[in-house]
Amino acid sequence: MGFSVRIAPGIRVRASSRGVRTSIGPRAARIHIGGGGTGVSTGAGPFTYYTNVGGGTTSRRTTAKSTSRTTMTLAQAAKSHEAERLREAIDAITKIHQESFAPAVKPLCPPPPPADAATIRRQFAAAAVKGLPFFDRAGRKAAKAKAASDADARIEWETAQLRQKYDGYQEELNEQWAKLLANDPDVVLQQLASAFEDNEASAAPLGVSDGEASLVVLLPDEDSVPERYPTLTPAGNLSLKKMSKKEHDAFYNVVAAGYTLVTIKEAFAVAPSLRSVRIIAVRANSTDAFGKKRGEALLAGRVHRERLDGVQWATVDAPTILSDISDELLINQKGAARTLTPLDLSQEPELGQVMGTIDFDELD
């Protein structure tokens, strides 16, 4: 497994067990530098031609040496650049639980647009003098005066109609807000589903009852964790180092806890009267004979709203926070690496029933 990042248009860096490799340029004329040697590829559509660049003969020894130095310099620069990008990505993931959400507030319908007074007056004036002789000054003057009065009345009527529509829309919003505060299941479910639509980790509400929401969050698989992480060389330069099994599993624990916590925080923010949240963090692990995804539960717990008060989000890691604020936390970690392993649903029949209702294809 490797880690690939696009650092600029036409430039992509990939780190793998064979080293760091940089690709520069469009597919039709692309230069490859780094692990595996330097080469040039050309091609369009499904066909590609690749050839190594550089010399191997005695007569070209100087050129080969120069090319080698250039390649090494470019590869080191690319490695440092990728290490910086990877550090930023890892830092963002480890801090995802620190994200804050503005609490929901009573919605206000925007004020209605004013009636188009200029157009109304112009239309009434044009209609009033239509058919009157051009030289009938008195008749035209009287007609225009009446048209102005009629236009004012029309403007007043249209303004009242627009205001009535606005009041009706606001009344609907007021009713929805009152139902949200009363934890009406349908309204809370709709509110949560809308809030989760653009989340980094897919999440969905499963149900609402007695002020408690049941949620599911879909975690990425373990292969999403990069196999390398940024570190400093003795010279103080950024580099990439392969993760140990313990480091890999510890980082995945942070991912799982972080995605779970940020989903809980958002739920409490958008549904201000929820008293508690039950959440299941799941992961797709296989596909059945009909092509549908199946999954496994990695953790489950219950969190009361007041348990979030006073949490030191900026200084405490996600796994510690999740453990300290949860009631009935179900989590199975094994070995020195504290590897997350699936929960035994045979010991948790209610959780098994919930898992049976989750459509992993729809959640993904």
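A brief look at the structure comes next. (Residues numbered from 1 in each chain as written. Predicted model: local features only at pLDDT ≥ 70, side-chain atom pairs only at ≥ 80, totals over all residues. Heavy atoms only, no water.)

## Focus: the overall build of the protein
The helix and strand inventory of the protein stands at eight helices and 15 strands. Out of the 364 residues in the protein, the part that is buried amounts to 34%. Considering only contacts in the protein between residues 6 or more positions apart, those separated by 24 or more positions represent 57%. For the protein, the accessible surface area stands at approximately 21,500 Å², while carbon and sulfur atoms represent 54% of it. (Helix = DSSP H or I, 4+ residues; strand = E, 2+ residues; numbered from the N terminus. Buried < 20%, exposed > 50% of the residue type's maximum accessible area, 1.4 Å probe, protein only. Contact = heavy atoms within 4.5 Å. Areas by Shrake-Rupley, 256 points an atom, 1.4 Å probe, with all protein chains shown as cover.)

## Focus on the pattern of salt bridges
By the definition in use, this model includes 13 salt bridges. One salt bridge connects Asp249 with Lys245, and the closest N-O pair in it is separated by 3.1 Å. Of the two residues, Asp249 and Lys245 are both situated in helix H5 (residues 245–270); the distance of four residues between them amounts to about one turn of the helix. With a relative accessible area of 1%, Asp249 lands in the buried category. Judged by relative accessible area, Lys245 falls into the exposed class, the value being 56%. (Salt bridge = Lys/Arg side-chain N within 4 Å of Asp/Glu carboxyl O.)

## With respect to the packing of helix H3 (residues 137–181) against helix H4 (residues 185–196)
Closest axis-to-axis distance for the H3/H4 pair is 8 Å, and the angle between their directions is 95°. In this view, H3 runs roughly perpendicular relative to H4, as classed from their interaxial angle. Contacts between H3 and H4 involve Gln176, Lys179 and Leu180 on the former and, on the latter, Val187, Val188, Gln190 and Gln191. (Axes fitted to C-alpha atoms, helices over the stretch in contact; angles between N-to-C directions. Parallel < 35°, antiparallel > 145°, perpendicular 65-115°, else oblique.)

## Observations regarding the packing of H5 against helix H6 (residues 318–325)
In the contact formed by H5 and H6, the axes pass within 8 Å of each other and the chain directions differ by 55°. By the angle between their directions, the pair H5 and H6 is classed as oblique. Here H5 and H6 pass one another in a crossing that is left-handed. Between H5 and H6, the residues in contact are Asn253, Val254, Ala257, Gly258, Thr260 and Leu261 and Ala318, Pro319, Ile321, Leu322 and Ile325, respectively. (Left-handed = near helix turned anticlockwise from the far one by under 90°.)

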